[in-house]
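Residues per chain are reported as follows:
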Amino acid sequence: MKYQDYITVSSLKEALEQLEKYGKDAVIVAGATDLAVKARSKDWYESKYLVDISRIQELQGIRKEHGKIMVGAMTTIYELLHSELIRKGAGLLYQACGNIAGPQIRNQATIGGNLANSCLAADTIPALCVLEATIRIMGPSGTREIPVEELLKSCPPCLRHEEMSVGGCFYGIPAGKKNTLEPDEIITQVVIPVMSTDYRYSFQKVGRKKSGCMSRFTLAVAMKLSKDQKIEDVRLSIGAALADIRLQKEVTESLKGHKPDSELFHACMAQLGEKIRSQVRKVDDNIEYKAAVCERLGTRTLSELAFGTVFVK
Amino acid sequence: MKKVIQFILNEQAVCIETDPAGRLLDTIRHILGYKGTKEGCGIGECGACTVIMDGRTVNSCVTLNAQAEGRKVTTIEGLAGDRMADVIKKAYVEEGAVQCGFCTPGMVLSTYVLLKENPKPTQDEVRDGLSGNLCRCTGYTAIIRAVLRAAKELSGKEPEKEGSD
């Protein structure tokens with residue numbers, strides 16, 4: 001690959017210095033599992049300075065602090081899958097992680113990278129939206145914290161990139177274009193409020209194979225029933241089907257306060273299916289497929305959560 | 001652009017001046033001459049390029065040279081003489097789990113790491129553990145049998161005498 005320089009930094013302070021120096025021409029390297037592929041298909045990074053943050057200690061580790069799980073951005077998917085804190089306190093993320101690629105990629109890919117890469121098919125993102133997680137970001141202009149659902153910018157071209165094989169990605173440098181990060185910003189931590197055990201949850205992924213494939217549709221949902229068995233709270237997010245990934249509040253607002261009912265679930269998921277279809281002016285097979293999956297898988301998942309059988313993949 | 005990268009490969013200290021953003025796969029095959037690690041897809045999906053880095057499998061085609069700095073890397077050649085690896089390889093041979101052999105180095109490395117972490121895997125756990133390694137020849141059945149056979153032998157039990165079907 002062609003690039004200007006490759007700089008490995010060992011502290012956040014050093015990283016900031018490099019980012020200040022290179023500004024828009026900085027490209028962050030974490031696990032590099034996506035970057036390494038994109039670099040082979042096009043000279044995305046020819047004028048860029050690669051800043052390798054993988055050795056920064058402050059970006060490692062998972063710990064609990066005041067009811068929140070603090071996950072360092074360099075935490076690998078493997079580490080998330082071997083963390084009791086994550087398995088018990090952020091089960092949706094745990095389920096999402098099990099669906100990512102294969103063991104070799106999971107050993108190297110990071111949660112920060114999955115977020116910063118901002119692919120619509122990213123599996124952690126819908127789960128983190130439903131978990132109401134936030135991201136801590138650091139750059140030369142300071143630090144900030146945003147909800148995960150404010151990370152992605154709407155990106156209709158990506159919908160045309162069905163199955164989004166990494167090499168063909170339209171965005172070798174997602175910063176600023178696919179997301180609300182500046183090129184000189186680093187995600188330092190993901191902050192996940194511990195999910196109360198009152199919530200039932202499920203993460204569903206549809207892809208061409210049982211493993212090692214790009215998601216064609218993902219669904220993350222969490223639901224809480226009140227003592228009189230009404231839906232007290234429900235949060236839902238879908239990936240790889242809309243131009244961005246966020247909480248689908250219109251769907252969930254129509255469910256709150258009602259008794260769980262398969263027909264009501266179907267009406268809501270059909271409404272979301274229509275939202276998927278409304279993105280294209282003429283019939284598109286992939287969009288049609290995703291709308292149908294959304295409707296049926298969504299209804300089934302909500303029903304299974306509400307009526308007691310949890311569909312565990 | 002070249003930088004000095006130092007790491008341990010198959011228990012030998014290695015110091016090379018190379019492109020830090022180049023692929024570890026190329027360093028292993030072309031600079032260091034270990035041809036057991038293969039290039040299948042080049043995009044981190046098939047596992048033919050699997051190596052072990054600091055105890056865990058990675059796809060060397062999506063690993064940059066700089067990521068190996070200071071780390072311990074093991075290729076299939078590095079498992080030569082390892083007792084556990086010998087049991088695994090013997091099981092592969094006896095179960096007919098090797099046809100063209102292209103996926104085999106990656107499969108054996110993934111099997112090795114799987115059995116180290118989980119000495120008594122169920123069939124599903126074997127499938128999961130090898131899910132990053134594709135095989136176009138065998139249809140996986142013989143490979144899964146081989147892994148279970150190796151697990152049995154490593155746990156001290158003699159494998160049942162059975163022909164491969």
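Residues numbered from 1 in each chain as written. Chains lettered and ligands numbered in written order. Predicted model: local features only at pLDDT ≥ 70, side-chain atom pairs only at ≥ 80, totals over all residues. Heavy atoms only, no water.

1. Things to note about the overall build of chain B
Across its full length, chain B holds 6 helices and 5 strands. Taken from the N to the C terminus, the helices and strands of chain B come in the order β-β-α-β-β-α-β-α-α-α-α. Relative to the globule expectation of 15 Å for 165 residues, the C-alpha radius of gyration of chain B, 16 Å, shows essentially globular dimensions. For chain B, the C-alpha atoms occupy an extent of roughly 55 × 30 × 25 Å along the three principal directions. (Helix = DSSP H or I, 4+ residues; strand = E, 2+ residues; numbered from the N terminus. Rg over C-alpha atoms; globule rule 2.2 N^0.38 Å.)

2. Overview of the overall build of chain A
Broken down by element type, chain A carries 12 helices and 11 strands. The globule rule puts the C-alpha radius of gyration for 313 residues at 20 Å, and the 19 Å found for chain A is close to it. Along the first, second and third principal axes, the C-alpha atoms of chain A reach 60 × 50 × 35 Å. Split into buried and exposed, the 313 residues of chain A put 58% on the buried side. In chain A, of all internal contacts separated by at least 6 residues, the share reaching a separation of at least 24 is 65%. For chain A, the accessible surface area stands at approximately 13,000 Å², while carbon and sulfur atoms represent 50% of it. Averaging the coordinates of the 43 positive side-chain charges in chain A and doing the same for the 38 negative ones gives two points 3 Å apart. (Buried < 20%, exposed > 50% of the residue type's maximum accessible area, 1.4 Å probe, protein only. Contact = heavy atoms within 4.5 Å. Areas by Shrake-Rupley, 256 points an atom, 1.4 Å probe, with all protein chains shown as cover. Lys, Arg positive; Asp, Glu negative; His and termini not counted. Charge placed at Lys NZ, Arg CZ, Asp CG, Glu CD.)

3. Section: the sheet that holds strand β7 (residues 142-147) of chain A
All names here are of chain A. One open sheet holds the 5 strands; their spatial order is β4-β5-β8-β6-β7, and the pairing between them is antiparallel. Edge positions in the sheet fall to β4 (62-65) and β7, since each has one partner strand and no second. Going from strand to strand, the sheet's axes swing by 25 degrees on average, the running direction of each strand aside. Pairing of strand β5 (residues 68-72) with strand β8 (residues 186-193), which is carried by 5 bridges, proceeds in the antiparallel orientation. Paired with G72 across the bridge in β8 is Q189. Against the sheet, helix α1 (residues 12-22) contacts β6 (134-139) and β8, and its axis sits at roughly 130 degrees relative to β8. (Pairing = 2+ DSSP bridges. Axes fitted to C-alpha atoms, helices over the stretch in contact; angles between N-to-C directions.)

4. Side note on the nonpolar core
In this structure, L93(A), L115(A), L128(A), I192(A) and F7(B) are the most contacted members of the largest nonpolar core, which totals 82 residues. Broken down by element, the residue count for this core peaks at 5 residues, all from helix α8 (residues 124-130) of chain A. Once residues within four sequence positions are removed from consideration, I192(A) is found in contact with G67(A), K68(A), I69(A), V71(A), I86(A), A90(A), L93(A), L128(A), L131(A) and A133(A). (Core = buried A, V, L, I, M, F, W, Y, C linked by side-chain atoms within 4.5 Å.)

5. Focus on the environment of G42(B)
All names here are of chain B. The residue G42 is located in the loop between α1 (24-31) and β3 (50-53) in this model. Under the relative-accessibility criterion, G42 is labelled buried at 10%. Between the alpha carbons of G42 and G22 there is a distance of 13 Å; along the sequence they are 20 residues apart. Leave out the neighbours within four places in its chain, and G42 touches R23 and C61.

6. Digging into the layout of surface pockets
Of the volumes computed, that of the largest pocket is approximately 1,700 Å³. Lining the largest pocket are 42 residues, and of these R106(A), R127(B), D128(B), G129(B) and S131(B) sit closest to its centre. Elements that contribute at least two residues to the lining of the largest pocket include exactly α3 (77-81), α5 (91-98), α6 (103-108) and β9 (199-206) of chain A together with β4 (56-59), α4 (104-117), α5 (123-129) and α6 (141-154) of chain B. Each residue belonging to the lining of the largest pocket can be placed in one class, and the counts come to 17 nonpolar, 14 polar and 11 charged. Taken as a whole, the second largest pocket encloses approximately 400 Å³ of empty space. Taken together, 15 residues form the lining of the second largest pocket, with T76(A), N107(A), Q108(A), M53(B) and R71(B) sitting closest to its centre. Of all the secondary structure elements, the ones that give two or more residues to the lining of the second largest pocket are α6 of chain A together with β4 of chain B. Residue composition of the lining of the second largest pocket, by class: 4 nonpolar, 7 polar and 4 charged. (1 Å grid on protein atoms, 1.4 Å probe; cavity = no way out; pocket = protein on both sides within 12 Å on 5 of 7 lines; lining within 4 Å. Points joined across faces, edges and corners; volume = space filled by probe spheres on them. Nonpolar A, V, L, I, M, F, W, Y, C, P; charged D, E, K, R; others polar.)

7. Some details on the sheet that holds strand β1 (residues 5-8) of chain A
Residue and element names in this part refer to chain A. Overall, parallel pairing links the 3 strands, which are arranged β1-β3-β2 in an open sheet. Of all the strands in the sheet, just β1 and β2 (26-29) have a single pairing partner and so form its edges. Strand-to-strand, the axes of this sheet are offset by a mean angle of 25 degrees, without reference to chain direction. The pairing of β2 with strand β3 (residues 49-52) spans 4 bridges and is classified as parallel. Paired with I28 across the strands is V51, a residue of β3.

8. Details of the state of the cysteines
All names here are of chain B. Under the definition given, this model contains 0 disulfides over all chains. We note that C49 lacks a disulfide partner, and the nearest cysteine sulfur, in C61, lies 3.7 Å from it. The exposure class assigned to C49 is buried, which follows from its relative accessible area of 3%. (Disulfide = S-S within 2.5 Å.)

9. Regarding the pattern of salt bridges
Across all of its chains, the model carries 29 salt bridges over all chains by this definition. For R246(A), the salt bridge is made with D244(A), and the minimal N-O distance between the two is 3.1 Å. Judged by its relative accessible area of 30%, R246(A) is partly exposed. Of the charged contacts in the structure, one is a salt bridge between E94(B) and R149(B), with a shortest N-O distance of 3.0 Å. Taken as a pair, E94(B) in helix α3 (residues 83-94) and R149(B) in helix α6 lie far apart in primary sequence, 55 residues in all. Overall, the relative accessible area of 13% leaves R149(B) in the buried class. Several salt bridges converge on common partners, so that one network encompasses E132(A), D233(A), R235(A), E253(A) and K256(A). (Salt bridge = Lys/Arg side-chain N within 4 Å of Asp/Glu carboxyl O.)

10. Examining unusual backbone geometry
Of note, A32(A) is a non-glycine position whose phi angle comes to about 65 degrees, a positive value. Mapped onto the secondary structure, A32(A) falls in the loop between β2 and α2 (35-41). On the accessibility criterion, A32(A) (9% relative accessible area) is buried. With a phi angle near 50 degrees, N10(B) is a residue other than glycine that sits in the positive phi range. Secondary-structure assignment places N10(B) in the loop between β1 (3-9) and β2 (12-18). By relative accessible area, which is 13% here, N10(B) ends up buried.

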